[in-house]
Amino acid sequence: MHLIIDEENCSACEKCITVCIRDALKLEGDHVVEVDESNCFDCGQCMAVCKTGSIRLKIYQDQEDRIEEYNQREIPISYEDYIQFLKQRRSCRWFLKRRELSSEDYEKLFEAAYYSPTAQNMQDVEFVVIKKDLDEFLNHIYDIIKVEEDEYFRIAQFGDYLKHPENYKYNPFLWEGKELILTFAKDPMDAIIASTRVELAGYTLGLGGFYSLFISKADRINHDKLMEFFPEIDPDKHMYSVYIIGYPRVSFKRTIPHKKIKVNYK
Ligand SMILES: Cc1cc2nc3c(=O)[nH]c(=O)nc-3n(C[C@H](O)[C@H](O)[C@H](O)COP(=O)(O)O)c2cc1C
């Protein structure tokens, strides 16, 4: 059984039964019970909707300090603030050299991913911060992606940079970046959703960064070899996002127009 139900306190309103997509609850007399052989996947919709707070989830008993009451009608940011926030987002490749992210910064960033939705509530997202092992990691990436260097001048340039960094003003993959956040998951959407939340949380902390196409290619080119660098991660997970992060040393002054968004209504 997955649920702890306070039967005395249950008002039998059946809201939990309505929201459960796994038919894991039923009414028994004057209260709800979890059905035998329950197909519950611990999504917590029943717990979140319960007016009397009568349902808890067994697997989260050690995290009950995470439970907060809120009023769904009180939306904490306005549409205008949200759009303004998105307008001010820019990829940043130029960073303060002497200001690294603190462990508190990282904790705050990953807190933004804690509430991400995941396919079938798998909660399969896992992050890696690359900082100390950056050189080793970049060499490993190059060993994988060099098969595409005839196709992409940037990869060839990166290979040359690794051999002769003294000839370059910037790292052609990282520019001035020195810290990377990699997002792994089984499902690509889970990873992308979570990494976007981390990215956006960064802007609220005065951080900036950009995603890397070339580094993320490594997973698509040779996943098994990439995972040799990450023996601690389930090899069924893929590196779906690579984000370079830091404290910006440039500030942007205006928005830039984009191609009009195409939307097809059918
Ligand atoms: C999936 C993805 C991969 C990207 N790869 C790189 C990259 O390898 N190097 C880089 O400098 N910028 C990279 N960018 C940043 C884009 O170049 C940038 O989003 C685009 O130029 C528009 O600028 P803006 O983000 O400031 O609006 C990437 C962005 C995305 C979304």
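Basis of the calculations
- Residues numbered from 1 in each chain as written.
- Predicted model: local features only at pLDDT ≥ 70, side-chain atom pairs only at ≥ 80, totals over all residues.
- Heavy atoms only, no water.
- Near = heavy atom within 4 Å.
- Polar contact = N/O pair within 3.5 Å; in protein donor to acceptor, adjacent residues only side chain to side chain.
- Areas by Shrake-Rupley, 256 points an atom, 1.4 Å probe, with all protein chains shown as cover.
- Helix = DSSP H or I, 4+ residues; strand = E, 2+ residues; numbered from the N terminus.
- Nonpolar A, V, L, I, M, F, W, Y, C, P; charged D, E, K, R; others polar.
- Pairing = 2+ DSSP bridges.
- Buried < 20%, exposed > 50% of the residue type's maximum accessible area, 1.4 Å probe, protein only.
- Arc of directions from axis to C-beta.
- Contact = heavy atoms within 4.5 Å.
- Domains from an automatic or database assignment.
- Buried area = accessible area lost by both parts, 1.4 Å probe.
- Phe/Tyr/Trp six-rings, centres within 6.5 Å; stacked < 30°, edge-to-face > 60°.

Peer 1: Got a minute to help me understand the site of the ligand in this structure?
Peer 2: Around the ligand, the neighbouring residues are R89, R90, S91, R93, W175, F210, Y211, S212, L213, F214 and H258. R90 places a side-chain nitrogen or oxygen 2.9 Å from an oxygen atom of the ligand. When the ligand is considered free in solution it has 620 Å² of accessible area, and contact with the protein chains removes 59% of it. Counting only elements with at least two residues in the shell around the ligand, the list comes to β7 (208–211) and α8 (213–221). Here the shell around the ligand is built from residues that sort into five nonpolar, three polar and three charged.

Peer 1: Is there a simple way to think about the pairing of strand β2 (residues 25–28) in this case?
Peer 2: The two faces of a sheet get side chains in turn, since along a regular strand they alternate between them. Note: β2 against strand β3 (residues 31–34), four bridges, orientation antiparallel. Bridge assignment links E28 to a residue of β3, and that residue is H31. Where β2 folds back onto β3 in an antiparallel hairpin, the turn is made up of two residues, including G29, whose phi is positive at roughly 65 degrees.

Peer 1: Explain helix α6 (residues 153–163) to me, please; I cannot follow it from the model alone.
Peer 2: Each turn of an α-helix holds 3.6 residues, which means side chains three or four residues apart point in the same direction. For α6, the set of buried residues is I155, F158, G159 and Y161. Take α6 and look down its axis: the buried residues cluster within an arc of 160 degrees, on one side only. Exposed residues on α6 whose side chains face more than 90 degrees from its buried face are F153 and K163.

Peer 1: Can you help me understand the pairing of strand β6 (residues 179–185) in this one?
Peer 2: Within β6, seven of the seven residues are buried, leaving the element largely enclosed by the surrounding structure. Both faces of β6 are covered, namely the face carrying E179, I181, T183 and A185 and the face carrying L180, L182 and F184. Where β6 lies against strand β8 (residues 238–246), seven bridges are found, and the strand directions are antiparallel. Bridging across to β8, L180 finds its partner in I244.

Peer 1: Is there a simple way to explain the environment of A185 in this structure?
Peer 2: Turning to its location among the elements, A185 is positioned in strand β6. Separated by 56 residues in sequence, A185 and S241 have C-alpha atoms that sit 9.5 Å apart. Leave out the neighbours within four places in its chain, and A185 touches D124, V125, D190, A191, D236, K237, H238 and Y240.

Peer 1: Any chance you could explain the side chain of S212 here in plain terms?
Peer 2: Its place among the elements puts S212 in the loop between β7 and α8. For S212, a relative accessible area of 6% puts it in the buried group. Ignoring sequence-local partners within four residues, the contact set of S212 consists of V242 and I244.

Peer 1: Just checking my understanding: could you explain the domain arrangement of the chain for this structure?
Peer 2: Many descriptions give the size of an interface as the accessible area lost when the pieces come together. By domain assignment, the chain separates into domain 1 (3–66) and domain 2 (79–246). Across the contact, seven residues belong to domain 1 and six residues belong to domain 2. Across the domain 1/domain 2 interface, buried area totals approximately 500 Å², and carbon plus sulfur atoms make up 29% of it. Contact with domain 2 buries surface across domain 1, with F41, Y60 and R66 losing the most and accounting together for 76% of the total. Linking domain 1 to domain 2 there are six residue pairs in polar contact (both at pLDDT 80 or more). Here the side of domain 1 that touches domain 2 is built from residues that sort into three nonpolar, one polar and three charged.

Peer 1: What should I look at first to understand unusual backbone geometry in this one?
Peer 2: Where the residue is not glycine, phi is negative for most of them; where a peptide bond is considered, it is trans in most cases. Phi is positive for N121, which is not a glycine, with a value near 50 degrees. With respect to the secondary-structure elements, N121 resides in the loop between α4 (103–114) and β5 (126–130). If you check the backbone angles, W175 has positive phi at about 50 degrees while not being a glycine. With respect to the helices and strands, the residue W175 is situated in the loop between α6 and β6. A residue is classified by how much of its surface remains accessible, and W175, at 22% relative accessible area, is partly exposed.

Peer 1: Whenever I open this one, the packing of aromatic side chains confuses me. Can you help?
Peer 2: Centre-to-centre distance and the angle between the planes together describe a pair of aromatic rings. In total, this model carries 17 aromatic pairs according to the counting rule given. Ring geometry for Y114 versus Y115: centroids 4.9 Å apart, planes at 75 degrees, classification edge-to-face. Aromatic side chains F158 and Y161 sit 6.3 Å apart centroid to centroid with 20 degrees between the ring planes, which places their arrangement in the stacked category. A residue pair is termed a helical-turn pair when its members lie 3 or 4 positions apart in one helix, as F158 and Y161 do in helix α6 at three residues. Summarising the burial analysis for this pair, F158 and Y161 share the class buried.

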